[in-house]
Amino acid sequence: MKKITSFFWFCSGASPSLLKRCPTESARFVSIGGAVFFTGLLAAVSGGFALYSVFSNYWVAVLFGLLWGLMIFNLDRFLVSSLKKSENKWEEWLMASPRIVLAVLIAIVVAKPLELRIFQPEIEAELVLIKEEQKAAEGEMIASRYSPLIAGYKAELSQLETQIASKEIKRDELVRMAQEEADGTGGSGRRNLGPIYAVKKANAERAETELKELKANHSALISALREKQDSAALLQANELAKIDVSHIGGLALQMEALARLAGKHSSIAFANIFIMLLFVMIEASPVLVKLISPRGPYDDLLEAHEHAFVNYRKSKVHRLDTKLEKELAWKG
């Protein structure tokens, strides 16, 4: 127990020699030291989880977690040890306010990775939606590059095919008129192969010739346009197939997923707030314990010790000044 007590005294930043002179203060500084130690331990777990989420490596996570925990522990120990008890409570709280603000900021940083771990199942489900949305967005970007090109090819093909279809309709109409003139069902109404039929047959033949020429002229162009259209469609399909969102899921995206979940579900939003407040209280607890605890014998001994040191330093400076004045006077 003595070793544990001494360890927590160290964590609280208190002077063991002074504490031994006022044993009634031991429990108070053990409590403060315990709050500092467990805050650092919690920070180590949080930092380790955050790094494991990024690198998926246990050794990196453990090493960084220990480093982060020691840094937070040392910072909390400094905040507590540098806070001196005063007779004026308002002055004491005013002096502690920057430390409390810093403690709150540290709590927010420490709490976020653990929040991600607590809500991990919900976050993973939301990440699936985010990945699908990102995949769809990338698909739309790819389509926006190729769709106008493919649409242009289709428009040109449609225009050429419309010209051919129009020519075919005209040819069929002329053939029909010549046939009706021949069998007497149309035209002059007389069944014969006279001059009128010859004129209509010539028109139909000329239309057939023009149609063949049009098809011959457009054939190469239609083939080229179809080839370009198929090539653009193939390139688009290949780029769509290359879209990979499986690697997405880092710390930033997990935080975005948690924020989206908080916006969708009030229960998660409230839980998120309460977890944050809990960590704020845990992180600020060493400073708050120091503030709300009454001034005790340790604080009087510490003030007397510091006052004696200040007086000693002043007297030493005074002796040096006196000696220097005497030397200057002797030289003068």
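**Q** Before we go on, may I ask you to explain the overall build of the protein in this structure?
**A** When its secondary structure is counted, the protein shows ten helices and zero strands. When the elements of the protein are put in sequence order from the N terminus, they spell out α-α-α-α-α-α-α-α-α-α. Across the protein, the fraction of contacts at a sequence separation of at least 24, relative to all contacts at a separation of at least 6, is 77%. As displayed, the protein offers around 20,800 Å² of accessible surface, 65% of which is attributable to carbon and sulfur atoms.

**Q** Is there a simple way to think about the nonpolar core in this case?
**A** General note: in soluble globular proteins, nonpolar side chains tend to be found buried as a group. Grouped together as the largest cluster of nonpolar side chains are 38 residues, with contacts concentrated most on Val 110, Phe 119, Ile 123, Leu 127, Leu 258 and Phe 279. Looking at this core, the elements with two or more residues in it are α3 (26-55), α4 (58-81), α5 (89-118), α6 (120-183), α7 (195-241), α8 (251-264) and α9 (266-292). When residues in this core are grouped by element, the largest group, ten residues, is from α6. Each residue touching Val 110, except ones within four places of it in the same chain, is listed here: Leu 42, Ala 43, Ser 46, Trp 68 and Phe 279. If you look at the next biggest cluster of nonpolar residues, it comprises ten residues, including Trp 9, Cys 11, Phe 29 and Ile 32.

**Q** Would you mind going over the side chain of Gln 236 with me for this structure?
**A** Among the structural elements, Gln 236 can be located in helix α7. Residue classification places Gln 236 among the buried positions, given a relative accessible area of 15%.

**Q** Whenever I open this one, the packing of α4 against α9 confuses me. Can you help?
**A** For any two helices packed against each other, one specifies the crossing angle of their axes together with the interaxial distance. Between α4 and α9, whose axes approach to 9 Å, the crossing angle comes to 20 degrees. The angle between α4 and α9 falls in the class roughly parallel. In this structure, α4 meets α9 at a crossing whose hand is right-handed. Across from Ile 72, Asp 76, Leu 79 and Val 80 in α4, the residues of α9 making contact are Glu 283, Pro 286, Val 287 and Lys 290. Here the residues of the contact of α4 with α9 are counted per class, giving five nonpolar, no polar and three charged.

Parameters at a glance
Residues numbered from 1 in each chain as written. Predicted model: local features only at pLDDT ≥ 70, side-chain atom pairs only at ≥ 80, totals over all residues. Heavy atoms only, no water. Helix = DSSP H or I, 4+ residues; strand = E, 2+ residues; numbered from the N terminus. Contact = heavy atoms within 4.5 Å. Areas by Shrake-Rupley, 256 points an atom, 1.4 Å probe, with all protein chains shown as cover. Core = buried A, V, L, I, M, F, W, Y, C linked by side-chain atoms within 4.5 Å. Buried < 20%, exposed > 50% of the residue type's maximum accessible area, 1.4 Å probe, protein only. Axes fitted to C-alpha atoms, helices over the stretch in contact; angles between N-to-C directions. Parallel < 35°, antiparallel > 145°, perpendicular 65-115°, else oblique. Left-handed = near helix turned anticlockwise from the far one by under 90°. Nonpolar A, V, L, I, M, F, W, Y, C, P; charged D, E, K, R; others polar.

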